[in-house]
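Tertiary structure, described
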Number of protein chains: 2
Amino acid sequence: MGRDEERGIGVRRLGVLLGVVALATSARAAPAADLKAQIQQYRATHEAAIVGQLAELVSLESVAANPAGLAATADRLQGLLRARGFEATQLSSSSGMPPVVFGTLKTAGAKRTVVFYAHYDGQPVTPSQWRSEPFTPVMRSGQPGGDVDWKTFKGHFDPEWRLFGRAASDDKASIVAFLAAFDALGSSGHLPSVNIKVVWEGEEEANSTHLQATLRQYEALCTADLWLIGDAPVHQSRHQMLYFGARGNLGVEATIYGPLRALHDGHYGNWVPNPAFLAAEFLTELRNTEGKILIPGFLDDVRALSPAERNAIAELPPVEEALKREFGIGRSETTEGLSASTMRPALNVRGIRSGQVGAERTNSIPIDAVISMDFRLVPDQTPASVRAKVESFLRAKGWTLVSEPPDLATRLASARVVQLSWEGGYRALRTDMTTPVATAVIATATRSAGHHVALLPMMGGSVPLYLIDEVFRVPVIGLPIVNHDNNQHAANENLRLQNLWDGIEMYAAMMSDLSW
Amino acid sequence: MGRDEERGIGVRRLGVLLGVVALATSARAAPAADLKAQIQQYRATHEAAIVGQLAELVSLESVAANPAGLAATADRLQGLLRARGFEATQLSSSSGMPPVVFGTLKTAGAKRTVVFYAHYDGQPVTPSQWRSEPFTPVMRSGQPGGDVDWKTFKGHFDPEWRLFGRAASDDKASIVAFLAAFDALGSSGHLPSVNIKVVWEGEEEANSTHLQATLRQYEALCTADLWLIGDAPVHQSRHQMLYFGARGNLGVEATIYGPLRALHDGHYGNWVPNPAFLAAEFLTELRNTEGKILIPGFLDDVRALSPAERNAIAELPPVEEALKREFGIGRSETTEGLSASTMRPALNVRGIRSGQVGAERTNSIPIDAVISMDFRLVPDQTPASVRAKVESFLRAKGWTLVSEPPDLATRLASARVVQLSWEGGYRALRTDMTTPVATAVIATATRSAGHHVALLPMMGGSVPLYLIDEVFRVPVIGLPIVNHDNNQHAANENLRLQNLWDGIEMYAAMMSDLSW
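Everything quoted here is computed from the prediction, not taken from an experiment. (Residues numbered from 1 in each chain as written. Chains lettered and ligands numbered in written order. Predicted model: local features only at pLDDT ≥ 70, side-chain atom pairs only at ≥ 80, totals over all residues.)

**Some remarks on the sheet that holds strand S21 (residues 494-496) of chain A**
Residue and element names in this part refer to chain A.
- A sheet is described by the order of its strands in space; here four strands give the open sequence S5-S4-S6-S21, paired in antiparallel fashion. Bordering the open sheet on either side are strand S5 (147-148) and S21, each of which pairs with just one other strand.
- Seen against the sheet, helix H17 (residues 497-512) touches strand S6 (162-164) and S21 and runs at an angle of roughly 65 degrees to S21. (Pairing = 2+ DSSP bridges. Helix = DSSP H or I, 4+ residues; strand = E, 2+ residues; numbered from the N terminus. Contact = placed C-beta atoms within 7 Å. Axes fitted to C-alpha atoms, helices over the stretch in contact; angles between N-to-C directions.)

**Brief notes about the interface of chain B and chain A**
- The interface of chain B with chain A comprises 84 residues on the first partner and 83 residues on the second.
- With five bridges joining them, strand S13 (residues 346-355) of chain A and strand S13 (residues 346-355) of chain B adopt antiparallel strand pairing. Paired with Ser354 of chain A across the strands is Ile352 of chain B, a residue of S13 of chain B.

**Re the domain arrangement of chain A**
All names here are of chain A.
- In terms of domain boundaries, chain A breaks down into domain 1 (3-247 + 429-512) and domain 2 (248-302 + 344-426).
- The gap between the C-alpha centroids of domain 1 and domain 2 is 38 Å.
- Between domain 1 and domain 2, the contact holds eleven residues from the first and ten residues from the second.
- At the level of secondary structure, the elements contributing two or more residues to the side of domain 1 that touches domain 2 comprise strand S18 (429-430) and helix H16 (465-472). (Domains from an automatic or database assignment.)

**Some remarks on the pairing of strand S3 (residues 113-119) of chain B**
All names here are of chain B.
- Counting buried residues in S3 gives six out of seven residues, a clear majority hidden from the surface.
- Across seven bridges, S3 lies against strand S7 (residues 195-201) in parallel orientation. Residue pairing across strands places Phe116 opposite Val198, the latter belonging to S7.
- Sheet analysis places S3 next to strand S8 (residues 226-229), joined by four bridges and oriented parallel. In the sheet register, Tyr117 faces S8, and the bridge partner there is Ile229. (Buried ≥ 20, exposed ≤ 12 C-beta atoms within 10 Å, placed from the backbone.)

**Things to note about the sheet that holds strand S16 (residues 399-402) of chain B**
- Spatially, ten strands are ordered S16(A)-S17(A)-S11(A)-S15(A)-S13(A)-S13(B)-S15(B)-S11(B)-S17(B)-S16(B) in an open sheet, and the strand pairing comes out mixed. The two strands at the open ends of the sheet, each matched to only one other strand, are strand S16 (399-402) of chain A together with S16 of chain B. Averaged over neighbouring strand pairs, the angle between their axes works out to 30 degrees when direction is ignored.
- The sheet contact formed by S13 of chain B and strand S15 (residues 368-377) of chain B spans eight bridges and is antiparallel. The residue of S15 of chain B that forms the bridge with Ile352 of chain B is Ile371 of chain B.
- Contacts from helix H9 (residues 275-286) of chain A reach strand S11 (248-257), S13, strand S15 (368-377) and strand S17 (416-426) of chain A together with S13 of chain B within the one sheet, and its direction differs from that of S15 of chain A by about 15 degrees.

Structure (structure tokens):
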């Protein structure tokens, strides 16, 4: 057993002590400046233990392809909550689903209950694209050749260091920030101002398929006055941020059929339709250069932004020119700002495969072309309405739609055949930014940050806020902490340490300084 | 040493005997009907040996990725020619190139010399796409489960059987048909009517890069009155065929650049340009649904068809409805017939790769999109003129063209960046169908087939006819033998035995019955 494991045990023991204290004492608030300083002090003396906790969680391979890794992670999280005095259980509404890790801790005298949501599953990995193994966390300094042996490092960690690994930022950083904030509060004598509940989901990256059924089954257990969603990155300006909604999503894979066998493109090119080219037509029929979806009536269900929402977007720090440099792009798709553009629905291409390129190319007409796409939805679109509009539009454009590979008769009867394989999807949500609870959350975040925080009416990315809204009808507000440049959903996902440090302070404030 | 190897030796010994006889005796012609019957008789008693010869050549892995396989094949072919009395050598104009196998055999009293061209290299393979190993020939009956153990089979082979393997039909069948025809002529006492030369190339599938330099270096050795090109498939109606030209080609790989790293498509979709979608735009800017290339002036260099050429196309047996059924396609790109459509230039997409599809998909904007394409050229287009028109058009459409991955400054200064990697290409050729030699070849082919043969002014596929034309300025006529449905350039390439049998008769006729 190494030094880090010992540290981990130390933290857990502290948590147990705190849990006992918290249950026995009534809530009180501390001045925000004191709180911030004390949390910082705690963090500064526990950096290696906090990073060690994150590294341990990353090393548990909690991805959909690895059910055992998901189960092990759920068990570990349940243990971490129990060690801190939480009543902790695993909730399932369906056999085989990755369980929801649920925890609850009452605060004597508290009149409000807040759920802290996060997810412990990560996106799939393509290891060949990673610089190091996705589930073996590596700290890098950002300097050339800069792997950092943080386990033996003496002194404070450079806050610009980043820990690389799948789910390090999406979304295990939020879980670790919650745990460290809770420990820091206990260590410095602060008590929660609210009753705390924890909902840590295990299939967010698989469209949260069972989350709503689970919440309905355990509705009484999970009831609360506010849900804080610990997921997604902060603003690209690195300002801390709150978000009040998220776009929905709907994935679909389109397989466009060409000839039954690959054909010599000299003998048959110009006469046999080429599915790779049909794929290009398919995409340009659906979407134009500015990202506008060309389906008539596609925007019929779109709810306009409120004045508060429009204001919030206008007040976001400008990031566009810096992002263009960071991403190496010479233009954006529209002249709108980034956040304004993500208030609209989107159609994204995740990948295309047809025939062969590079050294494996042959002068052949491919047999098919596969396009993986996802729609991003805004209120009040629904997956069903989007699917219906897409299918109706494609039929009108002359596509024959099938749901499995077409038989010969279907091929012969059709000018263009596409198989659509729809994924489960979900709708968007925008929470009112002007309610008393929203105002209180904004005020607490501002006190913690020490300055204005970025307020985003709706994230571009998707988290299943609507599932919660439908069951509980209470405000759902996003509390992101991780860096925007974290490669989430791609290779070399990483977490910048300063974001974790700031996140711990923000979580501590939401647990002990929030009231309305 | 197995039974087949013994058969092979038997055939070679016969060839040696024939070679000696041929060199010692003057030419004489036999009536076409007698010739045909005698060649058929020879073939019927040597089916296993002939197929064995083809199987042996297929098993030599003569593809560009395997220089040793190319060299072994050249050595073997040289040996096969020498065993038949040919003076045979290997010609090279550049170190490291796959050699041209050259053979010559004089016919006493003959006033004409004919070169029989073929190529011994095959297309690259993607073994995972093949039903069996590409270089382990397998005979199949076309019936379910129908692998045939032809080596131990007693009796005549079913002419609908097919031998599967890379280069079985493209183009080793032509080589085997030549050898078997030569052996059959000798066995039945027929003598050549012309001096015979053989040019068997080893880099046709790699654009015949060194062929012209080699022909120039050995111009005196290779001089002739006619070149017969044993490559490409016969007409889709299964009629035997001659062709009088071939389209040229020009390959290019386009890499379209997106962001420097993959980005979450929820947070950045609609704002960061998606290279997979840019690839779709790129293709639809270049080409429309009917296969028309949209580059202004692209057809400026296109020479109109002559009346004889238009007539020949009009007289081709109709195949379009049968091919649609065979290929499982509901429409053709144009309402022209197949052969009329391949008289025009073409732009084909060989493959596209961007991001990920299927289970490996992530909700990301990919970093790039790669499109592999080839142009098919017609007289009097040249690769240089096509390349210039494409590049000029793309620049006018707002693409920044680079020849290697762009640096950051280039990315930031460009709305759309594409890297073009051009392959070597070559121009098309059409030989006059009305000259005396063309007339004689048509007459000989007609006598051999016993009925009219299909006459194609220009093949859709590319063979380097122009290289020969430029050096020798003599007629170049295509003598294809293999089935059209042979999967050449794709997985599961195959040769239908009846085509090989017919091809042997056609080769025998061209060697012993041709005069002008």
